[in-house]
Structure formats: structure tokens, C-alpha cells
Amino acid sequence: MAPTHVLRCCQRGLSWIPVVFIALVVCWSYYAYVVELCIFTIPSRAEQIFYLIFFHLSFTMFVWSYWKTIFTKPANPSKEFCLPKVEKECYEKEARPESQQEILWRVATSLPLYTRTGTGGIRYCDRCQVIKPDRCHHCSACDTCVLKMDHHCPWVNNCVGFSNYKFFILFLAYSLAYCLFIAATVLQYFIKFWTLCRRKSAENCPKNELDGTHAKFHVLFLFFVAAMFCISILSLFSYHLWLVGKNRSTIEAFRAPVFRSGSDKNGFSLGFRKNIAQVFGDQKKYWLLPVFTSQGDGLTFPTRLVNADAEQAAVTLHQEPNKSTADVPAGPFSDSQNHLLGDEQRGHNMEDSLADGALESGDHAPFGLTAETCTISMDGES
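Residues numbered from 1 in each chain as written. Predicted model: local features only at pLDDT ≥ 70, side-chain atom pairs only at ≥ 80, totals over all residues. Heavy atoms only, no water.

Some points on the overall build of the chain
Part 1 of the argument: Counting its secondary structure elements, the chain contains ten helices and nine strands.
Part 2 of the argument: Among the 382 residues that make up the chain, the fraction classed as buried is 45%.
Part 3 of the argument: For the chain, the proportion of contacts with a sequence separation of at least 24, taken over those separated by at least 6, is 64%.
Part 4 of the argument: When the accessible surface of the chain is summed, it comes to about 20700 Å², and 61% of that surface belongs to carbon and sulfur atoms. (Helix = DSSP H or I, 4+ residues; strand = E, 2+ residues; numbered from the N terminus. Buried < 20%, exposed > 50% of the residue type's maximum accessible area, 1.4 Å probe, protein only. Contact = heavy atoms within 4.5 Å. Areas by Shrake-Rupley, 256 points an atom, 1.4 Å probe, with all protein chains shown as cover.)

Shown next, in the form of C-alpha cells:
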């Protein structure tokens, strides 16, 4: 037991190495830019003030968003997604996966779950012993289930998910702006120093031109580091902007979420503007600030399905105890009834069609449903 505990402590300590490395690079870049470039190299006082103002503005926003990304705790499933004590004991005693799924289905009838496993079952985490909400995944590095998990980032030593995804996007944006600003303002002095380094003798340089080899090293290396990080961050930032526009996580981009009607990579896409609002919120004045403004609670998400899913219309299908998961059919609806979709008339049409279907006989009911086998309740739009 002790060796395992020691090993885990060592792993936690080593996981901070990338963060410490980034912190050291940032601290050095601050010294190189402020002291070696602005104070010792740039002769113009006005140019110094101009550079320092914009440098500290980008530096502050970069460090602020980076800090929030690192130290914002990932959001976890609430207690309502845990199995009740009796159901949990029954689940642990059952050896057959079919019986375990029946138990999960009984519990899941009261939960807002729209996504399924690849085989159509309820997604359950045996490690955390919780039913996974939509878009929730288990992180092996953090050893916990994370709401709307995107990925585990070693450079922040944290899981990027619902609680800090906006901070992560802003961290990429401000780090890119920080590196671009440094590279652009250092470029002219980099060219001058590079020209000096190619001369055969340093004594041929005018004394009042630029400082010596100490400043040369910092300015040359500062440009190379800024340019290198610009290239790497630009590709990652562009990719995540694309994901935000599609309302997908990195996991969903590689493995499409599975709904009752099948897998659908665009199942959570609400349109470009609403996809942006899902991450950054409704109030644009807070978009550029690393403060939490994302919509929702991380447990439920509005959906837009190409193929219908009965549960997406806020319909609760109460499965009978003797029914298997395969006996619960998918419904004929085409869109979510979430208020973000803003289509009240469609909700009334679906409610009318459900009422008509319930009055018909069992042979004519959709997918073989009858009024005796299914209880349907429609939630009004808020």
C-alpha cells in the first residue's frame, strides 16, 4: 500500500514539471523584454513606454487566463448521478452485463441522459461509480469523471472541461498575442544583432549602436522562442476555435457521441452563434475576461439531432422493470426542445403528435408503443 502511495505522490510531483518549465520561460521572457530590450537596448523613451504598456497588458491577461486554467477544479457529476444504495448493491452483485444495464436503466429514467454507449446502453463509470452525464468522461490522469471533458493538458496539469474550457481558449489566445507582440517588436533589433554577429570583429561596431553580447543573447533567443511558440500555439488555437464553432470537444471530434438514434458528430451543434454562446456566454463584454460565463450546468446540453431521439424532446420514457433496454424504442422527433433552439411551435406539434399516438391502438402506435407500456411527460419551455 505504501509503495503505491509513494508512487502516486511522485507522479503528482512530476506532473508539475511542464507547468514549472512554462513559468520559468515566462519569467525569463519578462526579464529579457523589460530589462534587456526596453531598458538597455531601446534608445527612445517614447518607444520604451509604448512597448512596456502593451507588453504588460498582454502579459497580465496571459498570466491571468493561464492561472485560471491551472487552478480551476474540474467539474464532476452531481450526487443525483450516483446509484442509490440498494441499486448499487444489486449492481455489484450482478454478474451479467444485461442485468446490470437493467438496473442502470431503472435509475436513469429520472436523469436527463441522451447519449449512450456504442451498444446503446447507459454510460456508467465503474471507477467513480456514477452514471456519466452527457459529454462526461473519466480522466485517468485526474482519476475522476469530468463534465464535458475536452482533454487532459500536461502544460496546465489539469483537465480541460466544462469549468475551465473558456479559460483554456483565452489562455491560448493571450499566449498567442503575447508571443506575436514580442516577436513583432523584437524583430528589428533581432536583425541588427544578427548582422552584428555575422561581422568578423565586434570592435568594428559603433559604440553607441547597441549593447554588447549579453543583450545580444537575450534578444536573439527571445525572438527564436517567441516565434517557435507562435507556430505551435497558432495551430492549437485554430483547432480549438473550430471546435467551439462546431460545439464539439476534442474527444467528440475523434469519436462522435452516440444517441438513441445512433452516432452523430453534430448532435450538440446549435448553429455558430449559439455554439459560441455555449462557451463564452450571452454577454459579450465578458468574453475576453477569464471569468466563468459558460452556459448551463455541465450536466445537460441542448441538442440538434439529424435523426430523432424521443428523449431529446424532454420526454421521459418510464421503462417497465421486466423490459430490457432493447425494448425501449427511439421516437420520431427531429430536434431538441431546449429553449436555446427557440422553436415553440415545434414543441406544440410534437405534443399533439404524441397525444394522437397515445390514443391509437398498439398496432398503430409508433414503434409498437402503447399507452400501457410508456408514460410520456412533456416539459414546457422556460
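Quick look at the UniProt feature "transmembrane region" (unreviewed entry) in the chain
Part 1 of the argument: Here, the residues flagged by UniProt with the feature "transmembrane region" (unreviewed entry) are residues 16–42, 49–67, 167–191 and 217–242.
Part 2 of the argument: In the segment residues 167–191, helix accounts for 100% and strand for 0%; the C-alpha atoms at its two ends are 35 Å apart. (UniProt positions renumbered as here; feature names shortened; annotations may be inferred.)

A closer look at the packing of helix H2 (residues 17–39) against helix H3 (residues 45–71)
To characterise two packed helices, one gives the angle between the axes of the helices and the distance between these axes.
Part 1 of the argument: Orientation of H2 relative to H3, taken along the N-to-C sense of each, is 170 degrees, at an axis distance of 11 Å. By the angle between their directions, the pair H2 and H3 is classed as roughly antiparallel. Of H3, the residues touching H2 (which contributes Val19, Ile22, Val26, Ser29, Tyr30, Tyr33, Val34, Cys38 and Ile39) are Gln48, Tyr51, Leu52, Phe55, His56, Phe59, Phe62, Tyr66 and Ile70.
Part 2 of the argument: Counted by class, the contact of H2 with H3 contains 15 nonpolar, three polar and no charged residues. (Axes fitted to C-alpha atoms, helices over the stretch in contact; angles between N-to-C directions. Parallel < 35°, antiparallel > 145°, perpendicular 65-115°, else oblique. Nonpolar A, V, L, I, M, F, W, Y, C, P; charged D, E, K, R; others polar.)

So, the sheet that holds strand E9 (residues 262–263)
Part 1 of the argument: Here we have three strands laid out as an open sheet, ordered E1-E8-E9, and antiparallel in their pairing. Either end of the sheet is taken by a strand with one partner, and the two such strands are strand E1 (115–116) and E9.
Part 2 of the argument: Relative to strand E8 (residues 258–259), E1 is paired through two bridges, and the arrangement is antiparallel. Among the inter-strand pairings, Arg116 is bridged to a residue of E8, identified as Val258. (Pairing = 2+ DSSP bridges.)

Considerations on the packing of aromatic side chains
Part 1 of the argument: Enumeration over the complete set of coordinates arrives at 32 aromatic pairs.
Part 2 of the argument: Their ring planes at 70 degrees and their centres at 5.6 Å tell us that Phe162 and Phe292 sit as a pair that is edge-to-face. In this pair, Phe162 is assigned in the loop between strand E7 (158–160) and helix H6 (165–197) and Phe292 in the loop between helix H9 (272–280) and helix H10 (344–359), connecting sequence segments 130 residues apart.
Part 3 of the argument: Accessibility expressed as a relative area gives 40% for Phe292, which makes it partly exposed.
Part 4 of the argument: Between Phe190 and Phe223, the aromatic rings sit 4.4 Å apart at their centres with planes inclined by 25 degrees, giving stacked as the arrangement. Highlighted residues: Phe190 in helix H6 and Phe223 in helix H7 (residues 213–246), separated in sequence by 33 residues. Taken individually, Phe190 and Phe223 each receive the classification buried, so the pair is uniform in this respect. (Phe/Tyr/Trp six-rings, centres within 6.5 Å; stacked < 30°, edge-to-face > 60°.)

Observations concerning the state of the cysteines
Part 1 of the argument: For the coordinates displayed, the defined rule picks out zero disulfides.
Part 2 of the argument: Sulfur of Cys230: no disulfide; nearest cysteine sulfur belongs to Cys179 and is 4.8 Å away.
Part 3 of the argument: Exposure remark for Cys230: the relative accessible area of 9% places this residue in the buried category. (Disulfide = S-S within 2.5 Å.)

Quick look at a nonpolar patch on the surface
Part 1 of the argument: There is a patch of nonpolar side chains on the surface, built from Trp16, Val20, Leu24, Trp67 and Phe71 and spanning about 550 Å² of accessible area.
Part 2 of the argument: Mapped onto the nonpolar patch, the elements with two or more residues apiece are H2 and H3.
Part 3 of the argument: Checked against the element boundaries, Trp16 lands in the loop between helix H1 (2–14) and H2. (Patch = residues over 30% accessible without salt bridge, like charges linked within 9 Å, V, L, I, M, F, W, Y side chains within 5 Å. Salt bridge = Lys/Arg side-chain N within 4 Å of Asp/Glu carboxyl O.)

Notes on the side chain of Thr250
Part 1 of the argument: Among the secondary structure elements, Thr250 is positioned in helix H8 (residues 250–254).
Part 2 of the argument: Ignoring sequence-local partners within four residues, the contact set of Thr250 consists of Asp150, His151, Tyr239, His240 and Leu243.

Here's the deal with the nonpolar core
Part 1 of the argument: Counting 52 residues, the largest nonpolar core has Tyr33, Phe55, Tyr165, Ile182 and Val186 as the members making the most contacts within it.
Part 2 of the argument: Mapped onto this core, the elements with two or more residues apiece are H2, H3, H6, H7 and H9.
Part 3 of the argument: Ranked by residues supplied to this core, first place goes to H6 with 18 residues.
Part 4 of the argument: Those residues in contact with Phe55 that sit more than four places away from it in its chain are Ser29, Tyr30, Tyr33, Val34, Tyr178, Phe181 and Ile182. (Core = buried A, V, L, I, M, F, W, Y, C linked by side-chain atoms within 4.5 Å.)

Quick notes on the environment of Cys139
Part 1 of the argument: Examined against the element boundaries, Cys139 turns out to sit in strand E4 (residues 137–139).
Part 2 of the argument: Accessibility expressed as a relative area gives 2% for Cys139, which makes it buried.
Part 3 of the argument: In this structure the C-alpha to C-alpha distance between Cys139 and Asp150, which are eleven residues apart in sequence, comes to 9.9 Å.
Part 4 of the argument: Those residues in contact with Cys139 that lie beyond four places of it in its chain are Thr144, Val146, Met149, His152 and Cys159.

Section: unusual backbone geometry
Part 1 of the argument: The phi torsion at Arg135 lies on the positive side, around 70 degrees, for a residue other than glycine.
Part 2 of the argument: Relative to the helices and strands, Arg135 resides in the loop between strand E3 (130–131) and E4.
Part 3 of the argument: Exposure remark for Arg135: the relative accessible area of 3% places this residue in the buried category.
Part 4 of the argument: Although it is not a glycine, Asn157 sits at a positive phi angle of roughly 50 degrees.
Part 5 of the argument: Within the fold, Asn157 resides in the loop between strand E6 (151–153) and E7.
Part 6 of the argument: Since its relative accessible area comes to 16%, Asn157 is described here as buried.

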